[in-house]
Amino acid sequence: MEAVEPPPPLFAFGVIADIQYADAEDGYDFSGCRRRYYRQSLQLLRDAVEAWAAERPPLAFVLQLGDSIDGLNARRGEAEGALAQVLAALERLQVPVHHAWGNHEFYNFSRDRLAHTGLNSRPDGAMAGPTAGDCQAYHFSPALRFRVVVLDAYDLSILGREPDSPRYRESLQLLREKNPNDNLNSPAGLKEPQFVEFNGGFSQAQLDWFNEILKFSDENQEKVVVMGHLPIHPDASDRVSLAWNYEDALSVIHSHQSVVCFLAGHQHDGGYCLDSHGIHHLTLEGVIETPPESNAFGTVYVYEDKMVLKGRGRISERVMHFWRQ
Ligand SMILES: Nc1ncnc2c1ncn2[C@@H]1O[C@H](COP(=O)(O)OP(=O)(O)O)[C@@H](O)[C@H]1O
């Protein structure tokens, strides 16, 4: 008897986080415990692209979860060159790459500048998020009854905002209320330790827009994957790495049926939980803290009833069933 082939996925996409490339010697994270392979991270990205390019059927798109180049580049005057190298590596794939913006993008570029780089993957027109130009949120539909929402986790933030803008002032006021430390990057002694300068949050306008998208997705029985640089579930992250108002994003998601998965980066050790509403929260291990002989990227195969993550290197294999609807 002939072996029965398993059905092919509806579509597949690549995932990668925290490349943080810089043409610099290895260093360490703030705690001094975790090595950062700044120069090698570009090679790991190229290896990921090579593996993705060999996939059959071909990938439909790639999600780059933010911190594509390291803040070190800004101090060395190398931001544009480093970004060009990362984008050139990704362009070899010839599929759309959707980029979240993380803290390291804002250490290197203003929002205005970012909007004019290859990291601006937001399409013009109807699919764009609230108040175009001000918030980098958008959505797209890669297949019938599937949608991807890209959230902007630094919409409320003092990173990337002009110091004389109302959004900067509002963000600084909130940050100071929650974080009395002289060094606003320090979570020392905080009840809500995610309130540090290197994080950010979601404005009410973005949350309202997100709510409307999910209403539409519910009505049309879509399954929705949400991505953003910052994790929004404490069980898929350390408490310092969460978005400032992660609870607000969670309550929007929980008031709808359509979201099946939330993808994030930022926390380089990675994390995962299935929350009380059946949503998979997957925080991807960061390329920057991955030794050169390993890697940290994955391919997600989407089926009617589940997504299967084929992780490479530090990222493990995972089957994520759709528990909702
Ligand atoms: N616990 C901490 N106390 C004070 N500053 C910190 C702390 N953790 C990180 N920082 C500072 O915050 C900034 C962002 O940290 P970094 O580790 O580069 O972020 P990421 O994890 O996104 O790479 C850096 O300037 C770093 O020195």
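Nothing here was measured: the structure is a model prediction, and the numbers come from that model. (Residues numbered from 1 in each chain as written. Predicted model: local features only at pLDDT ≥ 70, side-chain atom pairs only at ≥ 80, totals over all residues. Heavy atoms only, no water.)

Caption draft 1: Molecular detail of helix H1 (residues 40-53). Helix length check: H1 (14 residues) gives 20 Å between terminal C-alpha atoms against 20 Å at 1.5 Å per residue, within 8%. Taken together, the buried positions of H1 are Ser 41, Leu 42, Leu 44, Leu 45, Ala 48, Val 49 and Trp 52. Summarising the axial view, the buried residues of H1 lie within an arc of 160°, below the 170-degree limit, and thus occupy one face. (Helix = DSSP H or I, 4+ residues; strand = E, 2+ residues; numbered from the N terminus. Expected span 1.5 Å × (residues − 1). Buried < 20%, exposed > 50% of the residue type's maximum accessible area, 1.4 Å probe, protein only. Arc of directions from axis to C-beta.)

Caption draft 2: Molecular detail of the packing of H1 against helix H3 (residues 79-91). Where H1 meets H3, the closest approach of the two axes is 9 Å, and the angle between their N-to-C directions is 15°. Of the possible angle classes, the one that applies to H1 and H3 is roughly parallel. Seen from above, H1 lies across H3 with right-handed handedness. Residues Leu 42, Leu 45, Arg 46 and Val 49 of H1 form the contact with H3, whose participating residues are Gln 85, Val 86, Ala 89 and Leu 90. (Axes fitted to C-alpha atoms, helices over the stretch in contact; angles between N-to-C directions. Parallel < 35°, antiparallel > 145°, perpendicular 65-115°, else oblique. Left-handed = near helix turned anticlockwise from the far one by under 90°. Contact = heavy atoms within 4.5 Å.)

Caption draft 3: Empty space enclosed by the protein, seen in detail. One pass over the full model with this rule turns up one cavity of 30 Å³ or more. Computed from the structure, the largest cavity encloses a volume of approximately 30 Å³. Taken together, His 99, Ala 100, Trp 101, Gln 136, Val 150, Leu 151 and Asp 152 form the lining of the largest cavity. Partitioned by chemical class, the residues of the lining of the largest cavity number four nonpolar, two polar and one charged. (1 Å grid on protein atoms, 1.4 Å probe; cavity = no way out; pocket = protein on both sides within 12 Å on 5 of 7 lines; lining within 4 Å. Points joined across faces, edges and corners; volume = space filled by probe spheres on them. Nonpolar A, V, L, I, M, F, W, Y, C, P; charged D, E, K, R; others polar.)

Caption draft 4: Region of interest: the environment of Leu 174. Tracing the chain through its elements places Leu 174 in helix H6 (residues 166-178). Along the sequence, Leu 174 and Leu 156 sit 18 residues apart, while their C-alpha atoms lie 9.2 Å from each other. Excluding residues that lie within four positions of it along the chain, Leu 174 makes contacts with Leu 156, Phe 195 and Trp 244.

In short, the description is geometric, and any link to function would need to be established separately.
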